[in-house]
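Spelled out, the chains give:
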Number of protein chains: 2
Amino acid sequence: MKKDIVRSCFSMLGASMLGLALCAGAVAATASRAPLVIKDQGSLIAGGTVISHPGAFDPYHPMKPDGQTYHGDHVFAFYQIPVDARPLPIVMWHGAGQSSKSWETTADGREGFQNIFLRRRFSTYLIDQPRRGDAGRSMVETTIKPTPDEQLWFNQFRIGLWPNYFDGVQFARNPETINQFFRSMTPNTGPFDMEVLSNAGAALFDKIGPGILFTHSQGGGPGWLTAIKSRNVKAIVAFEPGSSFIFPEGEMPAPIPSAFDTVQGAAVPMAQFVALTKIPILVLYGDNIPDHPVDLPAQDSWRARLQMARQWRDAVNKHGGDVTLVHLPDIGIRGNTHFIFSDLNNVQIADLVTKFLAEKHLDR
Amino acid sequence: MKKDIVRSCFSMLGASMLGLALCAGAVAATASRAPLVIKDQGSLIAGGTVISHPGAFDPYHPMKPDGQTYHGDHVFAFYQIPVDARPLPIVMWHGAGQSSKSWETTADGREGFQNIFLRRRFSTYLIDQPRRGDAGRSMVETTIKPTPDEQLWFNQFRIGLWPNYFDGVQFARNPETINQFFRSMTPNTGPFDMEVLSNAGAALFDKIGPGILFTHSQGGGPGWLTAIKSRNVKAIVAFEPGSSFIFPEGEMPAPIPSAFDTVQGAAVPMAQFVALTKIPILVLYGDNIPDHPVDLPAQDSWRARLQMARQWRDAVNKHGGDVTLVHLPDIGIRGNTHFIFSDLNNVQIADLVTKFLAEKHLDR
């Protein structure tokens, strides 16, 4: 009975936005009660490099580095394969200061995209990128300081203007939610390095085979490079990619200054760039992004990023690409923060993404 | 048919060692094919502290710490609740330089204790302890250096004497296994602090309710303190606890010097110590631990630790406790490294632990 509701809902996907909206509630209510039936789950590590210290290892003086090795700069992934899985798994890549936690339980305790997409029969790979979380061994020395910065993030992630929440924001307003949200951050254990990250991302796709890549925020940049480095990336859904849009050499747009920073593209040879024109790409941005320059750094930074994202969409599509950029308020979806996939309406967002994957035949 | 084999095997548990040994193969072969049926899964964060920088937050200068907060020193847990779960979940606490990965897929690609105990209908909580992995926000500044040290760990974890493996060691001998094993390490993002760790551990047990605690190596110390701080710890299975055994004040044994370091107990008031006498505790040590002092630091360190563990067992039991210490070679189980739960014979080890939990009525 409940299964039938879910099935009829999915068959409605692709019909209309109204259908999706009517459907989301029923799917959520039903799905939360059904068990997840997992054919296989576990974790794996891909990519990375090794250094060897000169000399000979002396087991009687094991604290000396002589003759010892150090493996680092790999990516860590926790994977789950549901029974009757669709052919293409989804690799979920977190943003700055985040980890695989981004896609798990939301800060207010609902199901995240990990469970939601498992229920829709997609295999999931949740990663900790190199130099983060459980993939913490970095090839570059780093100092981590406990510098108070959470009000910056509250604003930057467009939950509101601290201590006030935006009207209608899709984020639960209670102390435990913000406690869980702030504690979901985890530091870099080495510098952010696009080449290191995308090398590991490509190694992961080489290992697991063809799949779909979801990226969040800062994960967007290494995500584009991963698709350039591995043909196994068959599609990208980028949630608010923050910077490092990849343009062909000679076609870089002018930098876009904002009250927060200056947003710049990154150039690659055309032979590499064309990889981005061969796969369907969906880019989503949430609410409370101003149309015109404003003084407030947190808001203005997203105005500049969205503007750059539109220029990038046009650049890829001009060369034959298939980029769809959706600014959610334009289709009537309001209140989304920078964490679109864990916001209160994340089932509605998952419906939107599922519809995209279906339209592009990535779900079969 | 296959289910029946599993059921009859479990009904044999508690019968005899021979029964267990005969059973393990059948369970492993069957279990690897059966899907995991998960009623609920997700992640949560417990405990921790907050600091607030004096002053007022200025959204126009968000990089200044004034008026901003920093949450840290919490514990992160990924949990899975199977359908028809046994009442007490198992919290799995990693050792030094490790993470939740310890209990997931083994370095050679077999199922770890996460899946094995889910299949036996125990809920599992895999943690990253404070200042580690996805719980990386530390209240204390730390510098992380990529110092080559893996040959030290190869020896210290008793896989062999680098580059040679011990005869009969329960560890797969191929390059990809050692690659995955070394890359499973992830650094501290703050100093190891028993109080910080056990406060977070107790906060986790306060949040999830009564449960069983599995600890590995360095996790042993904060594990004992967690049981002292939370009555929800109903039993402990400690895999090769490395140090920080807790004794009553005035009953501390003499430190035990070794070729690696000196093993010392830690003292608490008797009123706290008695908590450890109220719960069943199983302590397991693997193979290749010498009986008498040897020159090699890696081997001798475990000789001293096992000796201290025996003194600790006697101290707890003298006060009415229920500690069982098993040195696996004494019962004919040979070749185990420091990672007993992920060794090649980890199903046999899981059988031993399952039998203990059944005998202590912790499985119902």
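Residues numbered from 1 in each chain as written. Chains lettered and ligands numbered in written order. Predicted model: local features only at pLDDT ≥ 70, side-chain atom pairs only at ≥ 80, totals over all residues. Heavy atoms only, no water.

If you check an unreviewed UniProt entry, chain A appears there as Alpha/beta fold hydrolase from Dyella koreensis.

Here we take up the overall build of chain A. Check the secondary structure of chain A and you find 10 helices and 17 strands. Against the 2.2 N^0.38 benchmark of 21 Å for 364 residues, chain A shows a C-alpha radius of gyration of 21 Å, consistent with a compact globule. Dimensions of chain A, computed from C-alpha atoms along their principal axes, come out at roughly 70 × 50 × 50 Å. Relative to its full complement of 364 residues, chain A shows a buried share of 62%. For chain A, the exposed area adds up to about 13100 Å²; of that, 55% sits on carbon and sulfur atoms. One finds the centroid of the 33 positive side-chain charges in chain A at a distance of 6 Å from the centroid of its 34 negative side-chain charges. (Helix = DSSP H or I, 4+ residues; strand = E, 2+ residues; numbered from the N terminus. Rg over C-alpha atoms; globule rule 2.2 N^0.38 Å. Buried < 20%, exposed > 50% of the residue type's maximum accessible area, 1.4 Å probe, protein only. Areas by Shrake-Rupley, 256 points an atom, 1.4 Å probe, with all protein chains shown as cover. Lys, Arg positive; Asp, Glu negative; His and termini not counted. Charge placed at Lys NZ, Arg CZ, Asp CG, Glu CD.)

Before going further, it helps to examine helix α7 (residues 220-229) of chain B. Of all the 10 residues making up α7 of chain B, 9 are buried; the element is thus mostly covered by neighbouring parts of the structure. Those residues of α7 of chain B that sit buried are Gly220, Gly221, Pro222, Gly223, Trp224, Leu225, Thr226, Ala227 and Ile228 of chain B.

Our focus in this paragraph is the side chain of Asp134 of chain B. Note that Asp134 of chain B resides in the loop between β6 (124-128) and β7 (142-144). Although Asp134 of chain B lies buried, it forms no salt bridge, and the closest oppositely charged side chain, Arg132 of chain A, sits 8.1 Å away as judged by the N-O distance. With near-sequence residues (within four places) excluded, Asp134 of chain B lies in contact with Ser99, Ser100, Asp128, Gly133, Asp134 and Thr186 of chain A together with Phe76 and Asp128 of chain B. (Salt bridge = Lys/Arg side-chain N within 4 Å of Asp/Glu carboxyl O. Contact = heavy atoms within 4.5 Å.)

Once turned by 180 degrees and shifted 0.0 Å along the axis, chain A lies on chain B with an RMSD of 0.0 Å. Taken together, the rotation and translation describe the operation of a two-fold axis. Taken together, the interface assignments show that 100% of the residues at the interface of chain A recur at the interface of chain B, consistent with an identical surface on both copies. (Least-squares fit on C-alpha atoms with pLDDT ≥ 70 in both.)

A few words on the interface of chain A and chain B. Each side of the interface is counted separately: chain A has 80 residues, and chain B has 80 residues. For the pair chain A and chain B, the summed buried surface comes to about 6600 Å²; carbon and sulfur atoms form 51% of the total. Connecting chain A to chain B are 8 salt bridges. In this assembly, chain A and chain B are joined by 51 residue pairs in polar contact (both at pLDDT 80 or more). Of all elements in the fold, only β1 (36-46), β2 (49-52), β3 (69-72), β4 (75-82), α3 (113-119), β7 (142-144), α4 (150-156) and α5 (175-183) of chain A reach the threshold of two or more residues within the side of chain A that touches chain B. Here the side of chain A that touches chain B takes 9 residues from β1 of chain A, the largest share from any one element. Grouping the amino acids of the side of chain A that touches chain B by side-chain chemistry returns 34 nonpolar, 32 polar and 14 charged. As paired strands, β1 of chain A and strand β1 (residues 36-46) of chain B are joined by 3 bridges and run antiparallel to one another. Bridge pairing in β1 of chain B links Val37 of chain A to Val37 of chain B. (Buried area = accessible area lost by both parts, 1.4 Å probe. Polar contact = N/O pair within 3.5 Å; in protein donor to acceptor, adjacent residues only side chain to side chain. Nonpolar A, V, L, I, M, F, W, Y, C, P; charged D, E, K, R; others polar. Pairing = 2+ DSSP bridges.)

The next point concerns the nonpolar core. Of all hydrophobic cores here, the largest spans 48 residues; its most connected members are Leu204, Trp224, Ile236, Val283, Tyr285 and Trp312 of chain B. Here Ile236 of chain B is in contact with Leu213, Thr215, Gly223, Trp224, Ala227, Ile279, Pro280, Ile281 and Leu282 of chain B, once residues within four sequence places are set aside. Tyr125, Phe205, Ala227 and Leu306 of chain A belong to the second largest nonpolar core, which has 47 residues in total. (Core = buried A, V, L, I, M, F, W, Y, C linked by side-chain atoms within 4.5 Å.)

Residues and elements named next belong to chain A. In contact at an axis separation of 8 Å, helix α6 (residues 194-208) and helix α7 (residues 220-229) are set at 50 degrees when each is read in the N-to-C sense. Taken together, the axes of α6 and α7 lie oblique to each other. In the crossing of α6 with α7, the sense of the turn from one axis to the other is right-handed. Of the residues in α7, those in contact with Met194, Glu195, Leu197, Ser198, Asn199, Gly201, Ala202 and Phe205 of α6 are Gly221, Pro222, Leu225, Thr226 and Lys229. (Axes fitted to C-alpha atoms, helices over the stretch in contact; angles between N-to-C directions. Parallel < 35°, antiparallel > 145°, perpendicular 65-115°, else oblique. Left-handed = near helix turned anticlockwise from the far one by under 90°.)

Looking now at the pattern of salt bridges. The full count for this structure, using the stated rule, is 36 salt bridges over all chains. The shortest N-O distance in the salt bridge between Glu150 of chain A and Arg137 of chain B comes to 3.5 Å. Here Glu150 of chain A is found in helix α4, whereas its partner Arg137 of chain B is found in the loop between β6 and β7 on a different chain. Residue Glu150 of chain A is classed as buried on the basis of its relative accessible area of 0%. Looking at Arg137 of chain B, the relative accessible area reads 7%, which means it is buried. Across the pair Asp363 of chain B and Arg364 of chain B runs a salt bridge whose closest N-O atoms are separated by 3.0 Å. Its relative accessible area of 16% is what places Asp363 of chain B among the buried residues.

Domain boundaries in chain A define domain 1 (1-34) and domain 2 (40-359). On a C-alpha basis, the centres of domain 1 of chain A and domain 2 of chain A stand 28 Å from each other. (Domains from an automatic or database assignment.)

This paragraph deals with the side chain of Asn179 of chain A. All names here are of chain A. Position of Asn179 among the secondary structure elements: in helix α5. Residue class for Asn179 comes out buried when judged on its relative accessible area of 16%. Engagement of the side chain of Asn179 in a polar contact is seen with the side chain of Glu176, the distance being 3.1 Å. A polar atom in the side chain of Asn179 sits 2.8 Å from the side chain of Arg183.

We now examine the packing of aromatic side chains. The final tally for this structure, using the stated rule, is 52 aromatic pairs over all chains. Aromatic side chains Phe171 of chain B and Phe181 of chain B sit 5.2 Å apart centroid to centroid with 90 degrees between the ring planes, which places their arrangement in the edge-to-face category. Pair noted here: Phe171 of chain B is in the loop between β9 (164-165) and α5 (175-183) and Phe181 of chain B is in helix α5, with a separation of 10 residues, a long-range link. As far as burial versus exposure is concerned, Phe171 of chain B and Phe181 of chain B are alike and both buried. The ring of Phe117 of chain A is capped by Arg120 of chain A, whose NZ or CZ atom sits 6.0 Å from the centre of that ring. Sitting above the plane of the Trp302 of chain A ring, Arg158 of chain A keeps its charged end 5.4 Å from the centroid. (Phe/Tyr/Trp six-rings, centres within 6.5 Å; stacked < 30°, edge-to-face > 60°. Lys NZ or Arg CZ within 6 Å of the ring centre and 35° of its normal.)

Turning to the UniProt feature "domain: AB hydrolase-1" (unreviewed entry) in chain A, a few remarks are in order. The positions UniProt marks with the feature "domain: AB hydrolase-1" (unreviewed entry) are residues 90-316 of chain A. Strand forms 20% of residues 90-316 of chain A and helix 32%; the C-alpha atoms that close the span are 23 Å apart. (UniProt positions renumbered as here; feature names shortened; annotations may be inferred.)

The subject of this paragraph is unusual backbone geometry. Residue and element names in this part refer to chain A. The step from Trp162 to Pro163 runs through a cis peptide bond, and the omega angle for that step is 5 degrees. Even without being glycine, Arg131 reaches a positive phi, approximately 70 degrees. The residue Arg131 is located in the loop between β6 (124-128) and β7 in this model. Here Arg131 falls in the buried class, since its relative accessible area comes to 3%. Phi is positive for Arg158, close to 55 degrees, though the residue is something other than glycine. Its relative accessible area of 0% is what places Arg158 among the buried residues.

Secondary-structure assignment places Gly136 of chain A in the loop between β6 and β7. Look past the residues within four positions of Gly136 of chain A in its chain and what remains in contact with it is Arg131 and Thr189 of chain A together with Thr186 and Pro187 of chain B.

Another aspect to go through is the environment of Pro210 of chain A. On the secondary structure map, Pro210 of chain A appears in the loop between α6 and β10 (211-216). Taking relative accessible area as the criterion, Pro210 of chain A reaches 38% and is therefore assigned partly exposed.

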